[in-house]
Amino acid sequence: MKERKKLLVVAGLGSTSWDITAAGDSDLSFPTWGAMGQAAMIGLGLAMAQPQRRVLVITGDGEMLMGLGSLATIGVQQPKNLALVVIDNERYGETGMQATHTAHGVDLAAVAAACGFKDSRLIRKSAELNDFYHAIRAGVGPLFAAIKVIDEKLPLVLPPHDGVLLKERFRKALLGKSADVLPEES
Amino acid sequence: MWSDEVHRELVAARVRLVGYVPDAGHKRLIELCQADKGMRAVPLTTEEEGIGLAAGAWLGGMRSVLLMQSSGVGNLVNVLGMVKVCRFPLVVIVTMRGEPGEFNPWQVPMGEATARVLETMGVAVRQAGEAQTVAPHVRAALRIAFQAQGAEAVLVAQKVIGIKSFQEQANQ
């Protein structure tokens, strides 16, 4: 958390939302509980709205597979400040650990590279992570990494359920007073 | 033309981001948004990407709208759940297919269901049946979305678009 600094974080539904909460809940995290397939696109919208800030999307392989087209959309926009990380356990973790397409060899890092991500990696060893952490903070995006992990069940640390709270706390922390939605002269 | 009027409304409402899946009826509005240096026009592979894009932009303090045709509304259903549960502002401008004048029967079922699908998922529907009513509906939708975090759709009737065949579409 200390190293996170001003990073804006979006997490896909399921394990990655629990993971970012276990690492320390923050107002500048937007964990999702639904809208499967949209984590990367939420990250793109945020990165386009906040070009001076770094945006990190953390999601699972199942969630990413449902929004595969968004890799092409991000490839077209080339946001320099966006990094997309797939925590790939090759399983649908919330529904009974069924195999996802990545268990059968579908290579998400290769898809991202083919869609125009500037830096796309398949990470299998923890020794490779440090270099990627540096790239998230200083590299020219869009960046992508599929990080292969073992399919273990850990105690769940859940973020707030209330979508309005998650949205409003994020905007308040990021935008300050201008987060307030006020009537305008028309 | 209605597209020019709508573009002026988007500028007045400080919309900076326009997600779209093309439709012939949106051709001019897409071109106006692409040519506008104050806007980013983002082509999407499927309409639901636009919901994520709009949500992320709002989290970052930027106003956006989505352009699509009525068949694309079917692709939005599940992700509209996030709009409702988080109360994200949303403005969708939908050009209608499957109405009188439609040449392709495969467009009819989704065209007939478009308004009901949106309303079922909590999106307020405004029917713009005449060219001169499109911009006023868009203005009202923008105000409710960005000043009260409402979810709004403006349906532009097929007779306003006036496309009848592939040949005429190709000649546009």
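J.: So what about the overall build of chain B? Which residues, and what values?
T.: For chain B, the count of helices and strands is nine helices and six strands. Computed over the C-alpha atoms, the radius of gyration of chain B is 15 Å, within 12% of the 16 Å expected from 2.2 N^0.38 for a compact globule of 172 residues. Overall, the C-alpha framework of chain B stretches about 45 × 35 × 30 Å when taken along its three principal axes. Expressed as a percentage of the 172 residues in chain B, the buried residues total 50%. Here the analysis covers contacts within chain B between residues at least 6 apart in sequence; of these, 75% occur between residues at least 24 apart.

J.: Lay out the packing of helix 1 (residues 2-12) of chain B against helix 2 (residues 27-35) of chain B with the relevant residues and their values.
T.: Residue and element names in this part refer to chain B. The geometry of helix 1 relative to helix 2 is characterised by a closest axis approach of 8 Å and an angle of 40° between their N-to-C directions. Here helix 1 lies oblique to helix 2, going by the angle between them. Note that helix 1 runs across helix 2; the crossing there is right-handed. Only Arg 28, Leu 29, Leu 32 and Cys 33 of helix 2 make contact with helix 1, whose side of the interface consists of Ser 3, Asp 4, Val 6 and His 7.

J.: How would you sum up the environment of Gln107(B)? Please name residues and give values.
T.: Residue and element names in this part refer to chain B. Mapping Gln 107 onto the fold places it in the loop between strand 4 (90-95) and helix 6 (108-120). For the pair formed by Gln 107 and Ser 71, sequence separation is 36 residues and the distance between their alpha carbons is 6.9 Å. Setting aside chain neighbours within four positions, we find Gln 107 in contact with Ser 71, Arg 97, Gly 98 and Glu 102.

The rules behind each value
- Residues numbered from 1 in each chain as written.
- Chains lettered and ligands numbered in written order.
- Predicted model: local features only at pLDDT ≥ 70, side-chain atom pairs only at ≥ 80, totals over all residues.
- Helix = DSSP H or I, 4+ residues; strand = E, 2+ residues; numbered from the N terminus.
- Rg over C-alpha atoms; globule rule 2.2 N^0.38 Å.
- Buried ≥ 20, exposed ≤ 12 C-beta atoms within 10 Å, placed from the backbone.
- Contact = placed C-beta atoms within 7 Å.
- Axes fitted to C-alpha atoms, helices over the stretch in contact; angles between N-to-C directions.
- Parallel < 35°, antiparallel > 145°, perpendicular 65-115°, else oblique.
- Left-handed = near helix turned anticlockwise from the far one by under 90°.

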